[in-house]
Amino acid sequence: AVLPDQRVDLAALDLQREPSPELLQYLLTTHASSLTSLALPSCASPDRAAAVLQCAGLQALRIDSPGTLPSVLRGLPRTLQRLELAAAKDGAVPCLAQAVKSAKALSKATVHIGSDQERLPGLAAVRIACAVRGVELEVSRSASATRVAPVSGRVIIVVFVTLTEP
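All of the points below concern the structure found in this document. Predicted, not measured: the structure shown is a model, and the values here were computed from it. (Residues numbered from 1 in each chain as written. Predicted model: local features only at pLDDT ≥ 70, side-chain atom pairs only at ≥ 80, totals over all residues. Heavy atoms only, no water.)

## Observations concerning the packing of helix α4 (residues 93–102) against helix α5 (residues 123–133)
Contact pair α4 / α5: the axes reach a minimum separation of 8 Å and the direction vectors enclose 10°. One way to sum up the angle between α4 and α5 is to call them roughly parallel. Note on element contacts: α5 touches α4 through L123, A125, V126, A129, C130 and R133, opposite V93, L96, A97, V100 and K101. Its residues assigned to classes, the contact of α4 with α5 shows 9 nonpolar, no polar and 2 charged. (Axes fitted to C-alpha atoms, helices over the stretch in contact; angles between N-to-C directions. Helix = DSSP H or I, 4+ residues; strand = E, 2+ residues; numbered from the N terminus. Parallel < 35°, antiparallel > 145°, perpendicular 65-115°, else oblique. Contact = heavy atoms within 4.5 Å. Nonpolar A, V, L, I, M, F, W, Y, C, P; charged D, E, K, R; others polar.)

## Side note on the pattern of salt bridges
The full count for this structure, using the stated rule, is 5 salt bridges. One salt bridge connects D14 with R62, and the closest N-O pair in it is separated by 3.2 Å. Taken together, the residues D14 in strand β1 (residues 12–14) and R62 in strand β3 (residues 60–63) connect sequence positions 48 residues apart. For the residue pair D14 and R62, the accessibility class agrees, reading buried in each case. One salt-bridge network, in which partners are shared between bridges, spans D14, R62 and D64. (Salt bridge = Lys/Arg side-chain N within 4 Å of Asp/Glu carboxyl O. Buried < 20%, exposed > 50% of the residue type's maximum accessible area, 1.4 Å probe, protein only.)

## What about the pairing of strand β2 (residues 37–40)?
When a strand is regular, its side chains alternate between the sheet's two faces. Residues S37 and A39 point to one face of β2 and L38 and L40 to the other, with burial holding for every one of them. The pairing of β1 with β2 spans 3 bridges and is parallel. The residue of β2 that forms the bridge with D14 is A39. In the classification by handedness, the crossover that spans β1, the intervening helix α1 (residues 21–31) and the parallel β2 is right-handed. Read as a crossover between parallel neighbours, the route from β2 over helix α2 (residues 46–53) to β3 is right-handed. (Pairing = 2+ DSSP bridges. Right-handed = clockwise from strand over helix to strand, strands pointing away.)

## What about the sheet that holds β3?
Read from one edge of the open sheet, 6 strands run β1-β2-β3-β4-β5-β6, paired in parallel fashion. Two strands in the sheet have a free side with no partner beyond their single neighbour: β1 and β6 (136–140). On average, each strand axis in the sheet is tilted by 10° relative to the strand beside it, whichever way the strands run. Each of β5 (108–113) and β6 is contacted by α5, which is oriented at about 150° to β6, the strand it contacts most.

## A short note on the packing of α1 against α2
Contact geometry of α1 with α2 gives a least axis separation of 9 Å together with a crossing angle of 15°. The angle between the axes of α1 and α2 places the two elements in the roughly parallel class. The interaxial crossing formed by α1 with α2 has left-handed handedness. Within the contact between the two elements, α1 uses P21, L24, Q25 and L28 and α2 uses D47, R48, A51 and V52. Split into classes, the residues belonging to the contact of α1 with α2 amount to 5 nonpolar, 1 polar and 2 charged. (Left-handed = near helix turned anticlockwise from the far one by under 90°.)

Following this line, the structure appears as structure tokens:
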């Protein structure tokens, strides 16, 4: 049990359901300095993007729903090694090529596209950027196929938050 005066540093946070803006802000503000792995259902609002950008030591980031704000991809930390996101035709894929170029530690990028999407604008530029930088690129038709794994050998505390409707 954690006593009220003890501080717990989270290394990984995997939220499978949409948290309230207040809960997400609290978790990311409190643990931004220790988080190395973050998985979110979505990141389509400026408040969520700002909260994610506080996590300067992230090594792995997964966003499960299309609509990730380009500001998140533009502000990725240099420590990021793995990036996984769902993409749509009107989404952040054009910014992903730039993110691949600027995230110096990036070794793997995974893009999940809908099964109904034959061609995704900007994906060719992502493929080229990955090839030039030596970043492994995986294009998947299922956003639930993979999960972000912890990067370091540290003890990982994963918090599962169950949200109920009032």
